[in-house]
Amino acid sequence: MKLYDYILSPSCYKVRLLAALLGIPLELRAVDFHPGGEHRTPALLALNPAGSIPILEDDDLRLTESAAMLVYLASLKSSDWLGRDTAAEAARTEQWLSFAQRLTASLGGARLCEMLLRPGDLAALQAAGIAALRELEAALVEQRLRGERFLVADRPTIADIACFPYVALAPDGSVSLDPYPSIRLWLRAVRALPGFIEMPGIHRLHELKPEPVHGAEGEPA
Amino acid sequence: MTIGAMRDEWYPVGLRSKVDANGQQTLLMGEPIRLHESEGGEIVVETADGRRLPVVIGHGHVWTSLGQPDKPLFAIPEADQPGRRLVEVGVVRVRCSPLRAVENFLDIAHFPFVHTDILGAEPHTEVERYEVEIREHEDEVWATKVKFYQPQAAKSAAGGITTDYMYRVPAPTCSVLYKTCPARPGEWDVITLFVQPLTEELCDVWPWMALYDDVTPMTDLIHFQQMIFLQDRSILENQIPRRLPLDPGMEIPTRADLTSVAYRRWLKRHNYTYGAQLVAQ
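Read on for an overview of the structure. (Residues numbered from 1 in each chain as written. Chains lettered and ligands numbered in written order. Predicted model: local features only at pLDDT ≥ 70, side-chain atom pairs only at ≥ 80, totals over all residues. Heavy atoms only, no water.)

## Remarks on the overall build of chain A
Per the secondary structure count, chain A includes 7 helices and 4 strands. Listing the helices and strands of chain A from first to last along the sequence gives β-α-β-α-β-β-α-α-α-α-α. On C-alpha atoms alone, chain A measures out to a radius of gyration of 17 Å, which is about the 17 Å that the 2.2 N^0.38 rule sets for 221 residues. Dimensions of chain A, computed from C-alpha atoms along their principal axes, come out at roughly 60 × 40 × 40 Å. For chain A, the proportion of its 221 residues judged to be buried stands at 52%. Across chain A, contacts joining residues at least 24 apart in sequence account for 64% of those joining residues at least 6 apart. Within chain A, the 28 negative side-chain charges are centred at a point lying 2 Å from the centre of the 22 positive side-chain charges. (Helix = DSSP H or I, 4+ residues; strand = E, 2+ residues; numbered from the N terminus. Rg over C-alpha atoms; globule rule 2.2 N^0.38 Å. Buried < 20%, exposed > 50% of the residue type's maximum accessible area, 1.4 Å probe, protein only. Contact = heavy atoms within 4.5 Å. Lys, Arg positive; Asp, Glu negative; His and termini not counted. Charge placed at Lys NZ, Arg CZ, Asp CG, Glu CD.)

Okay, here's the thing in structure tokens:
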């Protein structure tokens, strides 16, 4: 399975992360997104007319949407990760996969402006990103009240992987995560998953820190 | 805040290969500037009110100054050796003092914690004794005989090796790092950090490399360095105080920080204070 990859792309990282968590080996083909702009060259546009990365190829299957790649990897390996146990769970998973596109457009856009000097209305992107974070925070509070640590269940699913990178990297676009305690606990829970891999800007948990204990944080005494 | 003595230094403002007739806007020490390539192929850098600034092309980049540099752009003779691949890593913006960006580059002790399993790994965290000097004739800060255990020192490194390093600060916002070249023992790989000060707390960083490595695809070389630098970026943006303290009292140096101490002393001696905090608060 071959991933057209960029080390700094949160969308590519979603695929690398889920593959690592599921133990699926990937062949990585580095794309010179910055400063080379290789994703807009004829060779890459022939693979993906949208001119975006990642691109995932497996035999005659070619995927250009990261959400579809997450569904594919999870379907190959573990139905637990698909988040489809009940009708409601399946629908909520789809809801978050779509929500992740808002994160890409807002927080991801702010990050590209701030970090790689791509054009864009930074203030508007940050405002849209903050609105999305507030929505996510509220949803995670609800989840915690239900006794569930992740977005659609008490186990991680592709919904978490789809939303995790752009949220974790919000500070790259000068959007602080300080106001969102539930988001920070959720980020920590994802980083604590066995097999977790990092990307630049998302650090692994340090071994000296204790693992988060389910139910011990944030509950009234 | 006045710019002080740093006004008359050279700063990188763009990749030479990316500047064309359409030109590009940027900022140098708070002053908006524009650079473009003239019809004759010459690079022109101007302020908003049309003042032409001095220009030199070197080390893959366009360099300019708001003042009158009295010396040429520092040389990197090793980078001119034939057979090296010159890697234009591209710009990364960082919300930090330009001096902090250089100081972090000079620090070895953070490798196991920030660049885990690449440039360092626990439990190999000790920084062995090394030598630091301010070379009076060259007027540069040098750290030599630096050794550090690295799991993956370079893209071309197959496994863990003890890597030798030399660090050099030839200009207030530039550092050149020489390190063991896995592909050609006896030669040094050249890895630089050129920092463009946009303001005292904002900079554009232009990493650039001159490596002996005939095997690794160029994109992988770029990505390796971007990965390393982006691991630093989130740390740099959270350092407090935001400006680099030049007076004692704010931060307590340890043996591993000898290069940083010498860098700060050298900055202070030259009144290079753009991005610095002068009185401990």
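So much for the structure itself; the text now carries on.
## Observations concerning the packing of aromatic side chains
Per the counting criterion, the structure on display carries 15 aromatic pairs over all chains. Measuring from centroid to centroid gives 5.0 Å for Trp 96 of chain A and Phe 99 of chain A, while their planes differ by 85°, and the two rings are edge-to-face. With Trp 96 of chain A and Phe 99 of chain A both in helix H4 (residues 87-116) and 3 residues apart, the pair spans about one turn of that helix. Assessed through its relative accessible area of 10%, Trp 96 of chain A is described here as buried. Ring geometry for Phe 105 of chain B versus Tyr 167 of chain B: centroids 6.4 Å apart, planes at 90°, classification edge-to-face. Within this pair, whereas Phe 105 of chain B is found in helix H1 (residues 98-106), its partner Tyr 167 of chain B is found in strand E11 (residues 161-171), the two being separated by 62 residues in sequence. (Phe/Tyr/Trp six-rings, centres within 6.5 Å; stacked < 30°, edge-to-face > 60°.)

## Let's talk about the side chain of Asp 160 of chain A
All names here are of chain A. With respect to the helices, strands and loops of the structure, Asp 160 is situated in helix H6 (residues 158-168). Look at Asp 160: it is buried, it has no salt bridge, and the nearest opposite charge is Arg 155 at 8.1 Å. A polar side-chain atom of Asp 160 sits 2.9 Å from the main-chain amide nitrogen of Thr 157. If sequence neighbours within four positions are ignored, Asp 160 has contacts with Phe 150, Leu 151, Arg 155 and Trp 186. (Salt bridge = Lys/Arg side-chain N within 4 Å of Asp/Glu carboxyl O. Polar contact = N/O pair within 3.5 Å; in protein donor to acceptor, adjacent residues only side chain to side chain.)

## Digging into the interface of chain A and chain B
Interface size is often expressed as the accessible area that is lost when the parts come together. Of the residues lining the interface, 25 residues belong to chain A; the matching set on chain B comes to 26 residues. Overall, the association of chain A and chain B removes approximately 2000 Å² of surface from exposure, summing both partners, and the carbon and sulfur fraction of that is 54%. Its largest share of buried area at the contact with chain B, chain A owes to Pro 35, Leu 117 and His 203 of chain A, together 24% of the area lost on that side. At the boundary of chain A with chain B, the tally comes to 3 salt bridges. Salt-bridge contacts for Arg 95 of chain B lead to Glu 114 of chain A; the nearest nitrogen and oxygen are separated by 3.0 Å. At the boundary of chain A and chain B, one finds 11 residue pairs in polar contact (both at pLDDT 80 or more). Considering only residue class, the side of chain A that touches chain B consists of 12 nonpolar, 6 polar and 7 charged. (Buried area = accessible area lost by both parts, 1.4 Å probe. Nonpolar A, V, L, I, M, F, W, Y, C, P; charged D, E, K, R; others polar.)

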